[in-house]
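# Fold and geometry: a report
Read off the chains here:
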Amino acid sequence: MNPTSPPTTENIRQRVFDAFVAGLRTIRTANNYETEAGANVFPWKPDALATTQLPGIVVRDTGMNPMDTSNGVCVPYKMRIEVALVPVSGGESTTQARKMWADLMTFVQFNRRLSVGGDRLTVTTEYVDDEMRVDQKSQFFAGIFVRLDVVLKLKGFDAYAPQP
Amino acid sequence: MSILAEAEADVATILDPSTGFGVVALYTPASGSPETEVNVTFTKAYVSQDVGADVEGEMAQCAFRTSDIPAAAQGDRFRIKGTSYLIVDPEVNGLEVTVCTLTEGDL
């Protein structure tokens, strides 16, 4: 069997990811955040960040996991989102990385349920874990790698209509 | 000429700014003195640094005859081509050449 008509919207995975990326881009001091982390947000950046692109955020949606499949009508999913926060190099890198992390937390605090144009896309956002990494070569770089789960509900295998 | 003598002569040629790849660097120990001019080879290769995302970085290194600076240590400095570098990791290889990883910042 095939669908009776083509999709009329973007799939929910794309809509959620786009909404999350758009939200990260609002992390600017003009919006009462501590850093300008939203100045350089890259979804799935294939190459390395240049120093001119710092502070920078690289964000990836790495997978979807069903939480409970016992109710075949409406299934909650966890959409794993990984966020790499990389400040400018130097002795203050780790301090700046923590500020970028705090800004990410603030963004999620005010946007736990993602909505676009009045449409609620997700149920909530959960914090999984994070890891601070540093590397010293000619410059010292630090970064914090954060894992979040965005919870959304879908009907059966419907990839287009969120069930908030 | 022995093999070791030949190797030492080759190193001297390579380090010589007029005949090889060397540049003149100003060495300053962590104590601040004495400052010494020494011939070094200097490279600054691209390296990708992974801090959760890859970042374009550089691996600055210099090499010199160990006999020129026998006690090079972490925290000593080089001034090379107008830029000050801190020695991060000095290593002596089998040819009596010391190779130092350098950083532009402070440790």
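Up top is the structure.
Residues numbered from 1 in each chain as written. Chains lettered and ligands numbered in written order. Predicted model: local features only at pLDDT ≥ 70, side-chain atom pairs only at ≥ 80, totals over all residues. Heavy atoms only, no water.

### Regarding the overall build of chain A
Secondary structure assignment for chain A yields two helices and seven strands. Counting from the amino terminus, chain A carries its helices and strands in the arrangement α-β-β-β-α-β-β-β-β. Seen through its C-alpha atoms, chain A measures out along the principal axes to roughly 60 × 30 × 25 Å. Classification of the 164 residues of chain A by burial places 43% in the buried group. (Helix = DSSP H or I, 4+ residues; strand = E, 2+ residues; numbered from the N terminus. Buried < 20%, exposed > 50% of the residue type's maximum accessible area, 1.4 Å probe, protein only.)

### Quick notes on the pattern of salt bridges
Residues and elements named next belong to chain A. In this structure the tally under the stated criterion is 14 salt bridges over all chains. Across the pair Asp 129 and Arg 147 runs a salt bridge whose closest N-O atoms are separated by 3.0 Å. Linking Asp 129 in strand β6 (residues 124-136) with Arg 147 in strand β7 (residues 140-155), this pair joins segments that are 18 residues apart in sequence. Each of the salt bridges in this network shares a partner with another, and the network as a whole consists of Glu 82, Asp 129 and Arg 147. (Salt bridge = Lys/Arg side-chain N within 4 Å of Asp/Glu carboxyl O.)

### Let's talk about the packing of aromatic side chains
As enumerated under the stated definition, the model contains four aromatic pairs over all chains in all. Look at Tyr 27 of chain B and Phe 78 of chain B: their rings are 5.5 Å apart centre to centre, the planes differ by 55°, and that puts the pair in the tilted class. Note that Tyr 27 of chain B is positioned in strand β1 (residues 23-28) and Phe 78 of chain B in strand β4 (residues 77-80), a separation of 51 residues in sequence. A relative accessible area of 7% means that Tyr 27 of chain B is categorised as buried. With 5.5 Å between their ring centres and 55° between their planes, Phe 64 of chain B and Phe 78 of chain B make a pair best called tilted. Remark: Phe 78 of chain B occurs in strand β4 and Phe 64 of chain B occurs in strand β3 (residues 54-65); sequence separation between them is 14 residues. By relative accessible area, Phe 78 of chain B is classed as buried at 1%. Put simply, the rings of Tyr 27, Phe 64 and Phe 78 of chain B touch in pairs and so form one group of aromatic residues. Over the aromatic face of Phe 42 of chain A sits the side chain of Lys 45 of chain A, whose NZ or CZ is 5.2 Å from the ring centroid. Across from the ring centre of Phe 145 of chain A, 4.9 Å away, lies the NZ or CZ of Arg 133 of chain A, which sits over that ring. (Phe/Tyr/Trp six-rings, centres within 6.5 Å; stacked < 30°, edge-to-face > 60°. Lys NZ or Arg CZ within 6 Å of the ring centre and 35° of its normal.)

### Considerations on the environment of Asp 135 of chain A
Secondary-structure assignment places Asp 135 of chain A in strand β6. Spatially, the C-alpha atoms of Asp 135 of chain A and Tyr 160 of chain A are 41 Å apart, while their sequence positions differ by 25 residues. The residues contacting Asp 135 of chain A, other than those within four sequence positions of it, are Phe 140 and Phe 141 of chain A together with Gln 49, Asp 50 and Val 51 of chain B. Within the structure, Asp 135 of chain A has its side chain in polar contact with the side chain of Lys 137 of chain A (distance 3.1 Å). (Contact = heavy atoms within 4.5 Å. Polar contact = N/O pair within 3.5 Å; in protein donor to acceptor, adjacent residues only side chain to side chain.)

### Digging into the interface of chain A and chain B
Think of interface size as the accessible area that goes away when the parts come together; that is how it is often given. Listed per partner, the contact involves 21 residues of chain A and 22 residues of chain B. The largest per-residue losses of area from chain A upon contact with chain B belong to Ala 48, Lys 137 and Ser 138 of chain A, which jointly make up 35% of the total buried on that side. Our count for the chain A to chain B interface comes out at one salt bridge. A salt bridge links Asp 50 of chain B to Arg 133 of chain A, with the shortest nitrogen-to-oxygen separation between them at 3.6 Å. Remark: the boundary between chain A and chain B carries nine residue pairs in polar contact (both at pLDDT 80 or more). Breaking the side of chain A that touches chain B down by element, the ones donating at least two residues are β2 (56-66), β3 (74-86), β6 and β7 of chain A. Residue classes in the side of chain A that touches chain B are distributed as twelve nonpolar, five polar and four charged. (Buried area = accessible area lost by both parts, 1.4 Å probe. Nonpolar A, V, L, I, M, F, W, Y, C, P; charged D, E, K, R; others polar.)

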